[in-house]
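Each chain is listed here by its residues.
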Amino acid sequence: MAPKHKTNKTASAVPRHIAVVMDGNGRWATKRLLPRGAGHKFGVDALKRLVRGCIAQHVPVLTVFAFSSENWSRPADEVRGLLELFVQVLQRETAELAAQGVRLRFVGCRDAFDARLIALIESAEADSAAQCRLQLNVALNYGGRWDIVQAAQALAASGEPFTEQALARHMCLADLPPPDLLIRTGGERRLSNFLLWQIAYTELYFSDLLWPEFDEKALAAAIAAFARRERRFGGVPQAPSSADGLRVA
Ligand code: IPE
Ligand code: IPE
Ligand code: MG
């Protein structure tokens with residue numbers, strides 16, 4: 001079968017889709033003798049910088065991990081504070097994001113959210129539906145394993161034959177290109193159950209910056225590192241072109 005992908009030598013050096021594990025808010029706050037919740041608040045500013053940076057760099061799709069299916073295991077007051085912060089941010093920022101051309105989508109299980117948060121999510125998605133400069137997907141109560149199970153359940157309910165392609169069509173974000181680049185801040189080298197299916201061939205980039213410290217310069221460094229990667233998708237390295245050969249000789 002013909003290869004579906006090309007290496008970066010021929011593909012665009014700008015990722016079509018960036019996924020971000022925004023980690024390190026708690027440690028950022030603790031280092032400053034602040035409550036962890038302060039780190040989450042400053043993390044919102046870093047997310048706004050990331051959105052502006054992606055627009056400036058012409059990245060069309062951004063998916064951010066805001067709350068994992070495992071984050072419910074945190075102390076109750078931190079979970080409550082995070083859910084309240086999501087409500088406040090949606091109330092405060094949705095119109096401004098739409099004005100920047102940002103289309104919002106939320107991925108994850110909504111069953112656990114209260115009616116107020118669900119209503120804000122639904123109106124943010126509806127109100128930004130006409131925007132097309134940046135598709136911003138926010139993973140909220142999301143887990144990669146949950147995603148695979150919900151896709152399998154939907155596929156079983158549809159009665160279609162169980163194939164890789166059919167399952168892929170039921171995964172979250174199936175209508176978008178898979179992430180080209182995944183950035184995780186905070187120094188940990190793990191996925192923590194983010195987008196397990198979608199990142200099979202994603203380039204991974206780990207930054208020791210804590211999430212509230214992440215800025216446009218850090219984004220540019222991640223994109224530059226991505227541009228230097230050679231993606232092979234199971235193939236072999238590209239042969240040097242004859243022009244390269246002439247230079248070497
Ligand atoms: C990421 O930062 C934000 C969420 C998980 C909601 P953390 O809160 O995990 O920060 P650290 O990793 O404890 O520093
Ligand atoms: C991943 O960070 C989840 C989010 C950033 C929302 P965690 O802080 O929850 O991950 P672990 O616990 O270090 O693996
Ligand atoms: Mg963390």
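Note: the structure precedes this text.
The rules behind the values
Residues numbered from 1 in each chain as written. Chains lettered and ligands numbered in written order. Predicted model: local features only at pLDDT ≥ 70, side-chain atom pairs only at ≥ 80, totals over all residues. Heavy atoms only, no water. Near = heavy atom within 4 Å. Polar contact = N/O pair within 3.5 Å; in protein donor to acceptor, adjacent residues only side chain to side chain. Areas by Shrake-Rupley, 256 points an atom, 1.4 Å probe, with all protein chains shown as cover. Helix = DSSP H or I, 4+ residues; strand = E, 2+ residues; numbered from the N terminus. Nonpolar A, V, L, I, M, F, W, Y, C, P; charged D, E, K, R; others polar.

## Concerning the site of ligand 2
Phase 1 of the analysis: In the vicinity of ligand 2, the contacting residues are Val21, Met22, Asp23, Phe65, Ala66, Phe67, Asn71, Arg74, Arg184, Arg190 and Ser192.
Phase 2 of the analysis: Here an oxygen atom of ligand 2 sits 2.6 Å away from a polar atom, N or O, in the side chain of Ser192.
Phase 3 of the analysis: About the coverage of ligand 2: the protein hides 78% of its 390 Å² of free accessible area.
Phase 4 of the analysis: Element by element, the count of residues in the shell around ligand 2 is highest for strand S2 (residues 61-68), at three residues.
Phase 5 of the analysis: In the shell around ligand 2, the residues fall into five nonpolar, two polar and four charged.

## Structural notes on unusual backbone geometry
Phase 1 of the analysis: Of note in the backbone geometry, Ser192 takes a positive phi value of approximately 50° without being a glycine.
Phase 2 of the analysis: A positive phi angle, close to 70°, is found at Asn193, a residue other than glycine.
Phase 3 of the analysis: Mapped onto the elements of the fold, Asn193 is located in the loop between strand S5 (181-184) and strand S6 (203-206).

## Describing the site of ligand 1
Phase 1 of the analysis: Around ligand 1, the structure places Met22, Asp23, Gly24, Asn25, Gly26, Arg27, Arg36, His40, Ala66, Asn71, Arg74 and Leu82.
Phase 2 of the analysis: For ligand 1, an oxygen atom lies 2.9 Å from a polar atom in the backbone of Gly26.
Phase 3 of the analysis: Protein contact buries 87% of the 380 Å² of open area that ligand 1 shows by itself.
Phase 4 of the analysis: When contributions to the shell around ligand 1 are tallied by element, the ones reaching two or more residues are helix H1 (25-31) and helix H2 (36-56).
Phase 5 of the analysis: A total of three residues in the shell around ligand 1 trace back to one element, the largest contributor, which is H1.

Remember that the coordinates give geometry; whether it matters functionally is a separate question.
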